[in-house]
Amino acid sequence: MKNQRGASTLGILVAVLFFGSLITLAIKLGPIYLDDITIQEAIESLEKTEDLGQLRPADVRSLISKRLSVNNVDNFDEKQIEIKKDGETVLINLEYEVRTDLFQNVDAVVHFSHAYEMRGQ
């Protein structure tokens, strides 16, 4: 009696479904994480701004908004950025979530929370 080797049809189908699911997750969630990285970089780049401690919170929000606009971050509301001043120190808190449709009625919600304390140059 000969032993058969190789993958069965069911095994191949399960593997294709598994890797297809992983690719779908990467395609749907990847841009969300890339936008978050861009938002972090836009806020962290404020550290290089001269006289940052002298700016009003509205001016700081305007700087962030311009940087996000340049980097094509469109699905983000700048009002979610909480900006406070403590003397010369600017405190920035950012907490938001992004909801995306995976397939049919299944959604994914990704929550982000960042806090920054900066003085500028």
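Structure shown above.
The model shown is predicted, which means the values in this text are computed figures rather than measured ones.

With 24 residues, the main nonpolar core has Ile39, Ile43, Ile64, Phe76 and Ile92 as its most contacted residues. Contributions of two or more residues to this core are made by helix H1 (9-44), helix H2 (57-70), strand S1 (81-86), strand S2 (89-103) and strand S3 (106-118). Apart from residues no more than four positions distant in its own chain, Phe76 is found in contact with Ile39, Leu68, Ile81, Leu94 and Tyr96.

In this model, Asp51 sits at a positive phi of 55 degrees, which is unusual for a non-glycine residue. With respect to the element layout, Asp51 can be found in the loop between H1 and H2. With a phi angle near 45 degrees, Gln104 is a residue other than glycine that sits in the positive phi range. With respect to the element layout, Gln104 can be found in the loop between S2 and S3. When its relative accessible area of 74% is taken as the criterion, Gln104 is described as exposed.

The next point concerns the layout of surface pockets. Its boundaries defined by the atoms lining it, the largest pocket holds a volume of some 180 Å³. Sorting the residues of the lining of the largest pocket by element identifies H1 and S2 as the ones contributing at least two each. The element best represented in the lining of the largest pocket is H1, accounting for 4 residues. Residues belonging to the lining of the largest pocket are distributed by class as follows: 6 nonpolar, 2 polar and 3 charged.

Another aspect to go through is the sheet that holds S1. Strands pair in a sheet through their backbones, by hydrogen bonds, and they do so in one of two ways: parallel or antiparallel. In space, the 3 strands of this open sheet follow the order S1-S2-S3, with antiparallel pairing throughout. Either end of the sheet is taken by a strand with one partner, and the two such strands are S1 and S3. Taken over all neighbouring pairs, the strand axes of this sheet differ in orientation by 10 degrees on average, direction set aside. In terms of strand pairing, S2 meets S3 through 13 bridges, oriented antiparallel. Directly across from Val98, in S3, lies its bridge partner Val110. Along the sheet face, H1 touches S2 and S3 and points at about 15 degrees away from the line of S3.

Thresholds applied
Residues numbered from 1 in each chain as written. Predicted model: local features only at pLDDT ≥ 70, side-chain atom pairs only at ≥ 80, totals over all residues. Heavy atoms only, no water. Core = buried A, V, L, I, M, F, W, Y, C linked by side-chain atoms within 4.5 Å. Buried < 20%, exposed > 50% of the residue type's maximum accessible area, 1.4 Å probe, protein only. Helix = DSSP H or I, 4+ residues; strand = E, 2+ residues; numbered from the N terminus. Contact = heavy atoms within 4.5 Å. 1 Å grid on protein atoms, 1.4 Å probe; cavity = no way out; pocket = protein on both sides within 12 Å on 5 of 7 lines; lining within 4 Å. Points joined across faces, edges and corners; volume = space filled by probe spheres on them. Nonpolar A, V, L, I, M, F, W, Y, C, P; charged D, E, K, R; others polar. Pairing = 2+ DSSP bridges. Axes fitted to C-alpha atoms, helices over the stretch in contact; angles between N-to-C directions.

Any functional reading would require information beyond the geometric quantities listed.
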